[in-house]
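Descriptive structure summary
Here are the chains, one letter per residue:
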Amino acid sequence: MKGAYLPGNSTVIFRDTAIPKPGHGQVLVKMKASTICGSDIRAIYREHLGKGPEAYQGVIAGHEPCGQVVEEGPGIRRFKKGSRVIVYHISGCGVCHDCRMGYMISCSSEHRAAYGWQRDGGMAEYLLADEKDLVLLPDELTYTDGAQIACGFGTVYEALEKISVSGDDAVLVVGLGPVGLAALMLARAMGARQLIGVELKQDRIDLAKTLGLADVVIPPGPDALEQIRAVTGGRGPEKAVDTSGNDQGRALAIKAARQWGKIALVGEGGTVGFNPSPDIIHPQKSVYGSWVTSIWRMEDLVEHLVRWNIHPDILVTHRFPLEKADEAYRLMASGDCGKVAVCFDEELTGQ
Ligand SMILES: [Zn+2]
Ligand SMILES: [Zn+2]
């Protein structure tokens, strides 16, 4: 089978390997959709960040995999041949405290391996997955919906739950890349009435507006804080999420949230500067860090997406076959797009 690898230096190479055989507790998944995440670009495609066990290990890329089980290994308990599945993209040891809480992302064991980083990921025709890492994808959702749940939408849902977004809230989202757009979409579904985005790139502003995800989009810059206050009665939004990972973007989210407001930081890398007394202590604000999600919360998200009748795949602006994965990564790295997906079979046309 063909698989795509990321040697760094903004390149993609293809290699042919044997179709893997599922061992005990494992299944073989026929890939249907595999979306590209901002962290693939930041930490693998451009250059290999991360050291030791956190480094990319030269495996098949892709940590947002979704497909169908085509072969069961021995000892499978719940999923079956034919099951449509999302792969929670970190395979934890299963027995440390964080794994027992379902947060395999923060597993600290040497046995932890993320798909597309330390073990083969979804940019191939087939993926070998551990059954414990699977989330059932209901028929109401598409495989491309599922691929986005595997990382981006799961991550956003966790952050919005941490800051308890509800119908009481105006929500500010700084950075309208795919994760920011997902934050607007889920915040609306969770009841938020006023959604404010901050974004510079015109394609992304247009996408947020065309899809009706943001009520107002403000350009970053020295006036952004004043403009956010102006549209929220001078007080700022109750909740703010930074997905930009940009120093100023983060500071804006923290400063713009109103007194008693809650802020979630999701975008990675960089730093942030703010003045603790006037910016968070005196105004009684809470800042939350949020990293991916737990597998139980991912199952809840899947159930809620069906109930809300919304589809993450509306954020996908470009679909490529596996053979054109190099074009897909290049486009995602340019930022002139919404979400970019590598798709297989019927999923390629999005019908
Ligand atoms: Zn990701
Ligand atoms: Zn663990």
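Note: the structure precedes this text.
Parameters at a glance
Residues numbered from 1 in each chain as written. Chains lettered and ligands numbered in written order. Predicted model: local features only at pLDDT ≥ 70, side-chain atom pairs only at ≥ 80, totals over all residues. Heavy atoms only, no water. Pairing = 2+ DSSP bridges. Helix = DSSP H or I, 4+ residues; strand = E, 2+ residues; numbered from the N terminus. Axes fitted to C-alpha atoms, helices over the stretch in contact; angles between N-to-C directions. Core = buried A, V, L, I, M, F, W, Y, C linked by side-chain atoms within 4.5 Å. Buried < 20%, exposed > 50% of the residue type's maximum accessible area, 1.4 Å probe, protein only. Phe/Tyr/Trp six-rings, centres within 6.5 Å; stacked < 30°, edge-to-face > 60°.

**Description of the sheet that holds strand β13 (residues 239-242)**
Read across the sheet, six strands follow the order β12-β11-β10-β13-β14-β15 without closing on themselves; strand pairing throughout is parallel. Strand pairing shows two members of the sheet lacking a second neighbour, β12 (216-218) and β15 (286-289), which therefore form its edges. Adjacent strand axes in the sheet meet at a mean angle of 20° when their direction is disregarded. Looking at chain direction, strand β10 (residues 170-174) and β13 are connected through four bridges and run parallel. Its bridge partner lying in β13, Val174 is registered against Asp242.

**Quick word on the nonpolar core**
Grouped together as the largest cluster of nonpolar side chains are 101 residues, with contacts concentrated most on Ile86, Met123, Ile149, Leu184, Leu186 and Tyr329. Among the elements that take part in this core, helix α3 (residues 143-162) stands out by supplying nine residues, more than any other. In this structure, Val198, Ala253, Ala256 and Ile280 belong to the second largest nonpolar core, which totals 16 residues.

**Observations concerning the packing of aromatic side chains**
Under the criterion given, the structure shown has two aromatic pairs. Relative to Tyr329, the ring of Tyr45 lies with its centre 5.6 Å away and its plane at 25°, an arrangement referred to as stacked. Taken together, the positions of Tyr45 in helix α1 (residues 38-45) and Tyr329 in helix α10 (residues 325-334) put the pair 284 residues apart, joining distant regions of the chain. The two residues Tyr45 and Tyr329 agree in class, both being buried. Between Tyr157 and Trp308, the aromatic rings sit 6.4 Å apart at their centres with planes inclined by 75°, giving edge-to-face as the arrangement. Of this pair, Tyr157 sits in helix α3 while Trp308 sits in helix α9 (residues 295-308), placing them 151 residues apart in sequence.

**Brief notes about unusual backbone geometry**
Although it is not a glycine, Ser10 sits at a positive phi angle of roughly 55°. Within the secondary structure, Ser10 sits in the loop between β1 (2-8) and β2 (11-16). The class for Ser10 is partly exposed, based on a relative accessible area of 36%.

**Quick look at the pairing of β15**
Here strand β14 (residues 262-265) pairs with β15 via four bridges, running parallel. Paired with Ala264 across the two strands is Tyr288, which belongs to β15.

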